[in-house]
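Given next are the chains, with one letter for each unit.
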Amino acid sequence: MGSNSSRIGDLPKNEYLKKLSGTESVSENDPFWNQLLSFSFPAPTSSTELKLLEEATISVCRSLVENNPRTGNLGALIKVFLSRTKELKLSAECQNHIFIWQTHNALFIICCLLKVFIYEMSEEELQLHFTYEEKSPGSYSSDSEDLLEELLCCLMQLITDIPLLDITYEISVEAVSTMVVFLSCQLFHKEVLRQSISHKYLMRGRCLPYTSKLVKTLLYNFIRQEKPPPPGAHVFPQQSDAGGLLYGLASGVATGLWTVFTLGGVGSKAAAAPEVSSPLANQSLLLLLILANLTDAADAPNPYRQAIMSFKNTQDSSPFPSSIPHAFQINFNSLYMALCEQQTSDQATLLLYTLLHQNSNIRTYMLARTDMENLVLPILEILYHVEERNSHHVYMALIVLLILTEDDGFNRSIHEVMLKNITWYSERVLTEISLGSLLILVVIRTIQYNMTRTRDKYLHTNCLAALANMSAQFRSLHQYAAQRIISLFSLLSKKHNKVLEQATQSLRGSLSSNDVPLPDYAQDLNVIEEVIRMMLEIINSCLTNSLHHNPNLVYALLYKRDLFEQFQTHPSFQDIMQNIDLVITFFSSRLLQAGAELSVERVLEIIKQGVVALPKDRLKKFPELKFKYVEEEQPEEFFIPYVWSLVCNSAVGLHWNPQDIQLFTMDSD
């Protein structure tokens with residue numbers, strides 16, 4: 001763009017950009033490149049300015065698309081960049097600011113061009129553009145080095161090998177962003193890509209040996225959350241006429257190269273992109289999630305997923321089995337702390353889910369922590385603010401809870417952790433409550449929200465499965481948690497009666513009119529009865545396994561005993577109602593013997609005494625409630641669109657025109 005570029009509006013007329021995209025070939029040894037790469041203009045500071053940058057350069061990019069088959073200038077630019085990266089590590093050590101700045105500018109231009117090339121053409125055509133050289137029109141060298149593969153390998157080396165310093169921060173961000181752009185061809189396909197040229201390069205050949213190192217570096221970038229250097233951290237000579245630092249544009253990368261757009265239709269509510277304090281950490285996490293969710297090759301599994309599934313703690317000295325490829329070690333404590341701190345973002349919750357679900361080493365480590373509240377509380381807060389979150393973020397948070405509740409040790413320990421003054425829980429002042437009781441409150445609130453708003457059976461099922469997993473280990477339930485369990489049952493009971501009444505009236509109406517189609521009340525009734533059955537099983541599981549630990553639940557049962565009468569003779573619930581009816585009858589009898597006008601404290605005292613007297617063999621044993629999260633078949637159909645929606649919504653993401661994107665035209669909610 002040249003040292004004279006000072007305004008975005010000047011870019012379409014810029015002589016250096018015109019030469020790059022024009023009909024004249026430029027040798028990779030031409031002094032022109034030094035001039036082109038010495039550009040500056042005030043860094044874009046808003047979404048509007050960032051979009052202006054794209055609009056100002058689109059004509060230049062399309063001109064290069066047209067002329068590159070004759071000039072090979074794209075290949076020449078890439079070769080200039082590749083030659084510079086060979087000296088980049090030494091330049092960082094020697095604090096060679098100018099060299100690093102120009103190398104960054106080269107990569108920035110490449111990234112801008114690639115984004116347009118990938119949108120404008122197929123991968124096969126893009127691959128051809130990397131082979132064109134300065135020859136007769138349309139000719140290319142069939143025996144030349146594979147420049148596309150070399151560029152990808154170079155980006156991986158840059159990310160993993162260049163030390164992270166103030167002067168290398170922006171080029172590190174740009175390298176990660178360029179790899180994201182390389183994989184963005186998925187955005188322009190409605191179907192999930194299962195065979196792709198970029199996938200092929202990343203999964204075999206020269207890039208494959210970098211797999212574990214790249215995954216490890218991206219994870220450490222997320223862990224460290226390194227902030228960009230302050231604007232004054234780079235000292236470059238100022239232009240006399242531009243009124244800004246030569247490094248202005250490079251500094252602007254830290255606030256995002258392209259505009260952010262809100263993706264419609266991804267969730268019940270589009271997630272507002274939070275302010276990103278570490279662009280490198282954010283971009284690294286997005287790239288990691290993209291790589292982890294690439295589909296397997298026909299002849300080999302995804303190596304990046306293999307690396308994520310198998311890495312171990314740095315404190316684990318046991319050898320890796322020879323059968324595990326791409327293995328590495330990382331500090332689990334640092335990773336755990338970063339995951340606890342970053343759960344406000346969708347992508348951090350998705351990473352947590354991915355690690356818990358796929359890496360048994362991480363799952364075992366986390367479940368053994370004695371400070372699980374640091375992880376669980378942010379997850380509960382996501383669910384508590386369900387109306388402010390997109391549905392996918394809520395699902396991921398809920399599945400994380402479901403995976404955790406598969407472990408009996410977790411279910412026991414959460415009732416031993418006492419919390420004080422949960423400020424974000426606004427329905428009731430909770431001065432002191434166990435983590436287990438709070439978890440129950442939040443999950444029940446999520447169910448009730450779902451019943452009145454979204455009516456999503458999948459969400460219902462997972463909420464109830466988490467409660468069921470915990471039910472045998474309920475301990476010292478807070479009185480409010482016990483009340484909410486029974487209140488939820490009351491709500492379900494009312495809904496059941498209402499649908500039953502509607503079905504009866506509809507049936508009567510159908511006798512007088514054969515032309516009006518009947519609503520499917522039978523299906524609604526079946527769904528409600530399934531949920532009621534599950535709630536009764538949860539209550540029953542608690543009573544049969546930990547009755548003596550939960551006087552508050554018995555109190556709540558007795559207070560609302562009338563609710564359960566209608567289900568005692570119902571054929572769907574008769575068996576499970578036996579124990580509940582026995583408990584209600586037994587304790588009601590003891591309260592009658594104690595006389596009228598009993599205080600709450602006296603009732604609880606009678607319940608505690610009665611628990612000892614109740615013969616345990618009178619309670620019928622049922623199979624233990626245990627639900628295990630199982631990923632659906634072809635999970636990539638959900639996760640790949642989800643990950644790319646996060647990329648498009650990222651505060652330091654890459655801007656694509658929503659009208660151009662085809663991947664999200666499918667129903668992704």
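The structure this text deals with has already been given above.
The paragraphs below set out a description of the structure included in this document.

Thresholds, definitions, all that
- Residues numbered from 1 in each chain as written.
- Predicted model: local features only at pLDDT ≥ 70, side-chain atom pairs only at ≥ 80, totals over all residues.
- Heavy atoms only, no water.
- Helix = DSSP H or I, 4+ residues; strand = E, 2+ residues; numbered from the N terminus.
- Buried < 20%, exposed > 50% of the residue type's maximum accessible area, 1.4 Å probe, protein only.
- Contact = heavy atoms within 4.5 Å.
- Areas by Shrake-Rupley, 256 points an atom, 1.4 Å probe, with all protein chains shown as cover.
- Core = buried A, V, L, I, M, F, W, Y, C linked by side-chain atoms within 4.5 Å.
- Expected span 1.5 Å × (residues − 1).
- Salt bridge = Lys/Arg side-chain N within 4 Å of Asp/Glu carboxyl O.
- Phe/Tyr/Trp six-rings, centres within 6.5 Å; stacked < 30°, edge-to-face > 60°.
- Lys NZ or Arg CZ within 6 Å of the ring centre and 35° of its normal.
- Axes fitted to C-alpha atoms, helices over the stretch in contact; angles between N-to-C directions.
- Parallel < 35°, antiparallel > 145°, perpendicular 65-115°, else oblique.
- Left-handed = near helix turned anticlockwise from the far one by under 90°.
- Nonpolar A, V, L, I, M, F, W, Y, C, P; charged D, E, K, R; others polar.
- Polar contact = N/O pair within 3.5 Å; in protein donor to acceptor, adjacent residues only side chain to side chain.

## Some words on the overall build of the chain
And step 1. Helix and strand counts for the chain come out as 28 helices and four strands.
And step 2. The 669 residues of the chain split such that 57% are buried.
And step 3. Within the chain, residue pairs in contact and separated by at least 24 positions form 76% of the contacts whose partners lie at least 6 positions apart.
And step 4. When the accessible area of the chain is evaluated, it comes to approximately 28700 Å², of which 49% is carbon and sulfur surface.

## A word on the nonpolar core
And step 1. The biggest cluster of nonpolar side chains holds 225 residues, and the ones touching the most others in it are Leu438 and Phe564.
And step 2. Among the elements that make up this core, the one with the highest residue count is helix H6 (residues 97-120) (14 residues).
And step 3. The residues contacting Phe564, other than those within four sequence positions of it, are Ile486, Phe489, Leu536, Ile539, Leu557, Met577, Ile580 and Ile584.

## A closer look at helix H11 (residues 211-224)
And step 1. Along its 14 residues, H11 runs 20 Å from first to last C-alpha, staying within 8% of the 20 Å computed at 1.5 Å per residue.
And step 2. Of all 14 residues that make up H11, 11 are buried, and the element is covered over most of its length.
And step 3. Positioned one or two residues after H11, Gln225 has a phi angle of 50 degrees, which is positive.

## Focus: the pattern of salt bridges
And step 1. Tallied over the entire structure, the rule returns 14 salt bridges.
And step 2. In this structure, Glu636 engages Arg194 in a salt bridge whose closest nitrogen and oxygen atoms are separated by 2.7 Å. With Glu636 in helix H28 (residues 636-649) and Arg194 in the loop between helix H9 (169-182) and helix H10 (197-203), the pair connects residues that are 442 residues apart, well separated along the chain.
And step 3. Classification of Glu636 by relative accessible area gives buried; the value is 16%.
And step 4. With a closest N to O distance of 2.9 Å, Asp371 and Arg369 form a salt bridge.
And step 5. The class of Asp371 is buried, set by a relative accessible area of 15%.
And step 6. A relative accessible area of 17% places Arg369 in the buried class.
And step 7. Ionic contacts of the salt-bridge type, sharing partners, join the residues Arg194, Glu636 and Glu637 into one network.

## Considerations on the packing of aromatic side chains
And step 1. In the structure shown here, the tally under the stated rule is 21 aromatic pairs.
And step 2. Their ring planes at 80 degrees and their centres at 5.8 Å tell us that Tyr353 and Tyr629 sit as a pair that is edge-to-face. Remark: Tyr629 occurs in the loop between helix H27 (600-613) and H28 and Tyr353 occurs in helix H16 (residues 346-358); sequence separation between them is 276 residues. Tyr629 carries the same exposure label as Tyr353, and that label is buried.
And step 3. Taking 5.4 Å as the distance between ring centres and 15 degrees as the angle between the ring planes, the aromatic pair formed by Tyr353 and Phe639 counts as stacked. You can see Tyr353 sitting in helix H16 and its partner Phe639 sitting in helix H28, a full 286 residues away along the chain. Taken as a pair, Tyr353 and Phe639 share a single burial class, namely buried.
And step 4. One aromatic cluster in this structure is built from Phe311, Phe328, Phe332, Tyr336 and Tyr365.
And step 5. Its end group placed over the ring of Phe99, Arg84 keeps NZ or CZ at 5.2 Å from the ring centre.
And step 6. Geometry around Tyr201 places Lys200 over its ring, the cationic atom sitting 5.1 Å from the centre.

## Some remarks on unusual backbone geometry
Leaving glycine out, the prevailing phi sign among residues is negative, and the prevailing peptide bond configuration is trans.
And step 1. Despite not being glycine, Gln95 shows a phi value in the positive range, around 60 degrees.
And step 2. The topology assignment puts Gln95 in the loop between helix H5 (88-93) and H6.
And step 3. A residue is classified by how much of its surface remains accessible, and Gln95, at 42% relative accessible area, is partly exposed.
And step 4. The backbone phi angle of Ser476 is positive, close to 45 degrees, even though this residue is not glycine.
And step 5. Among the secondary structure elements, Ser476 is positioned in the loop between helix H22 (457-471) and helix H23 (479-512).
And step 6. Owing to a relative accessible area of 52%, Ser476 belongs among the exposed residues under this scheme.

## Structural notes on the packing of H9 against helix H13 (residues 279-292)
And step 1. Two elements in contact, H9 and H13, have axes whose closest approach is 9 Å; the angle formed by their N-to-C orientations is 25 degrees. With respect to H13, the axis of H9 lies roughly parallel. Classified by chirality, the crossing of H13 by H9 is left-handed. Residues Tyr169, Ser172, Val173, Val176, Ser177, Met179 and Val180 of H9 touch H13, and the partners they reach there are Pro279, Leu280, Gln283, Ser284, Leu287 and Ile290.
And step 2. Across the contact of H9 with H13, the residue classes break down as nine nonpolar, four polar and no charged.

## Side note on the packing of H11 against helix H14 (residues 303-310)
And step 1. Two numbers describe how H11 lies on H14: the axes approach to 9 Å, and their chain directions differ by 60 degrees. With respect to their mutual orientation, H11 and H14 come out oblique. The interaxial crossing formed by H11 with H14 has right-handed handedness. Here H11 contributes Thr211, Leu214 and Val215 to the contact with H14, which in turn contributes Pro303, Tyr304, Ala307 and Ile308.
And step 2. Residue composition of the contact of H11 with H14, grouped by class: six nonpolar, one polar and no charged.

## Focus on helix H19 (residues 391-404)
Since there are 3.6 residues in each turn of an α-helix, residues three or four apart along the chain are aligned in direction.
And step 1. End to end, H19 covers 20 Å across 14 residues, agreeing with the expected 20 Å (1.5 Å per residue, within 8%).
And step 2. Taking burial as the measure, the 14 residues of H19 include 14 buried ones, the bulk of the element.
And step 3. For H19, the capping residue at the N-terminal end is Asn390, with a side-chain oxygen 3.0 Å from the backbone nitrogen of His392.

These values are about where atoms sit, not about what they do.
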